[in-house]
Amino acid sequence: MLSHTLENGVLVLAPHDDPGAEAHDRLPTLISDLAQVHAPVPIVIVLGAEATAPVIDAVVRAHGMCRSLGILVSVATPCASARRRLQAASAAQGGGLVVHARTDTAITTAYATAV
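Here goes a summary of the coordinates provided. Note that this is a predicted model, so its numbers are computed, not measured. (Residues numbered from 1 in each chain as written. Predicted model: local features only at pLDDT ≥ 70, side-chain atom pairs only at ≥ 80, totals over all residues. Heavy atoms only, no water.)

Quick look at the overall build of the chain
Then, in step 1: Within the chain, the regular secondary structure consists of four helices and five strands.
Then, in step 2: When its helices and strands are written in sequence order, the chain yields β-β-α-β-α-β-α-β-α.
Then, in step 3: A globule of 115 residues ought to have a C-alpha radius of gyration of about 13 Å, and the chain, at 12 Å, matches this closely.
Then, in step 4: Expressed as a percentage of its 115 residues, the buried residues of the chain come to 41%.
Then, in step 5: For the chain, long-range pairs separated by at least 24 residues make up 71% of all intrachain contacts whose partners lie at least 6 apart in sequence.
Then, in step 6: Carbon and sulfur atoms make up 55% of the accessible area of the chain, which totals about 5,600 Å².
Then, in step 7: Distance between charge centroids for the chain: 9 Å, based on 7 positive and 9 negative side chains. (Helix = DSSP H or I, 4+ residues; strand = E, 2+ residues; numbered from the N terminus. Rg over C-alpha atoms; globule rule 2.2 N^0.38 Å. Buried < 20%, exposed > 50% of the residue type's maximum accessible area, 1.4 Å probe, protein only. Contact = heavy atoms within 4.5 Å. Areas by Shrake-Rupley, 256 points an atom, 1.4 Å probe, with all protein chains shown as cover. Lys, Arg positive; Asp, Glu negative; His and termini not counted. Charge placed at Lys NZ, Arg CZ, Asp CG, Glu CD.)

This is the structure:
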């Protein structure tokens, strides 16, 4: 459902493209749990080009959970429409989600912001 690695002091999470309807409900909690374990390490969530609406919603919910813990969350996806949906959904819930087109840029920025 979710792969994770530490890269340059940043927790990089990669949800599977479509983990299934039941998993979408658990994904925000799983992301939040990993964030708490690795806190205060910033997080970059990497979404594929075909990120589904339920995955995007789960990421935005996870961002809200992590924001309340003071953990920086960014997202990287090459898909322009997914970036727009992420930004719009985040804005509707108070904003603050940083969305990048490239994973390397997201990791570098998250690390620089956290140091």
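Next comes the rest of the write-up.
A closer look at the packing of helix H2 (residues 53-68) against helix H3 (residues 80-92)
Then, in step 1: Orientation of H2 relative to H3, taken along the N-to-C sense of each, is 40°, at an axis distance of 10 Å. Considered as vectors, H2 and H3 are oriented oblique to each other. Pair H2 / H3 crosses with right-handed handedness. Where H2 abuts H3, its residues Ile56, Val59, Val60 and His63 lie against Ala82, Arg85, Leu86, Ala89 and Ser90. (Axes fitted to C-alpha atoms, helices over the stretch in contact; angles between N-to-C directions. Parallel < 35°, antiparallel > 145°, perpendicular 65-115°, else oblique. Left-handed = near helix turned anticlockwise from the far one by under 90°.)

Regarding the pattern of salt bridges
Then, in step 1: Evaluation of the coordinates by the stated rule reveals one salt bridge.
Then, in step 2: For Asp104, the salt bridge identified is with Arg102, shortest N-O distance 2.4 Å.
Then, in step 3: Using a relative accessible area of 49% as the deciding quantity, one classes Arg102 as partly exposed. (Salt bridge = Lys/Arg side-chain N within 4 Å of Asp/Glu carboxyl O.)

Comments concerning the sheet that holds strand S5 (residues 98-100)
Then, in step 1: The sheet built from five strands is open, its strands ordered S1-S2-S3-S4-S5 with mixed pairing. The two strands at the open ends of the sheet, each matched to only one other strand, are strand S1 (2-7) and S5. Averaged over all pairs of adjacent strands, the angle between their axes in this sheet comes to 25°, without regard to strand direction.
Then, in step 2: Examined bridge by bridge, strand S4 (residues 73-76) and S5 share three bridges and lie parallel to one another. From the neighbouring strand, Val75 faces S5, where its bridge partner is Val99. (Pairing = 2+ DSSP bridges.)

Here we look at the nonpolar core
Then, in step 1: Core analysis: the largest hydrophobic core is formed by 26 residues, its most contacted members being Leu13, Ile31, Ile43, Ile45, Leu47 and Leu86.
Then, in step 2: Where this core is concerned, the elements lending two or more residues are strand S2 (10-15), helix H1 (21-38), strand S3 (43-46), H2, S4 and H3.
Then, in step 3: Sort the elements by how many residues they give to this core and H2 lands first, with seven residues.
Then, in step 4: Once you skip the residues sitting within four places of it in the chain, Ile31 turns out to touch Leu2, Leu13, Ile45, Ala62 and Cys66.
Then, in step 5: Core analysis: the next-biggest nonpolar cluster, separate from the first, contains eight residues, Val10, Val44, Ala106 and Ala110 among them. (Core = buried A, V, L, I, M, F, W, Y, C linked by side-chain atoms within 4.5 Å.)

With respect to the pairing of S1
Then, in step 1: Bridge count between S1 and S2: six bridges; the pairing is antiparallel. Counterpart to Glu7 in the pairing with S2 is Val10.
Then, in step 2: Connecting S1 to the next strand, S2, in antiparallel fashion are two residues, including Asn8 with a positive phi near 50°.

Note that every value here comes from positions in space, so none of it alone points to a role or purpose.
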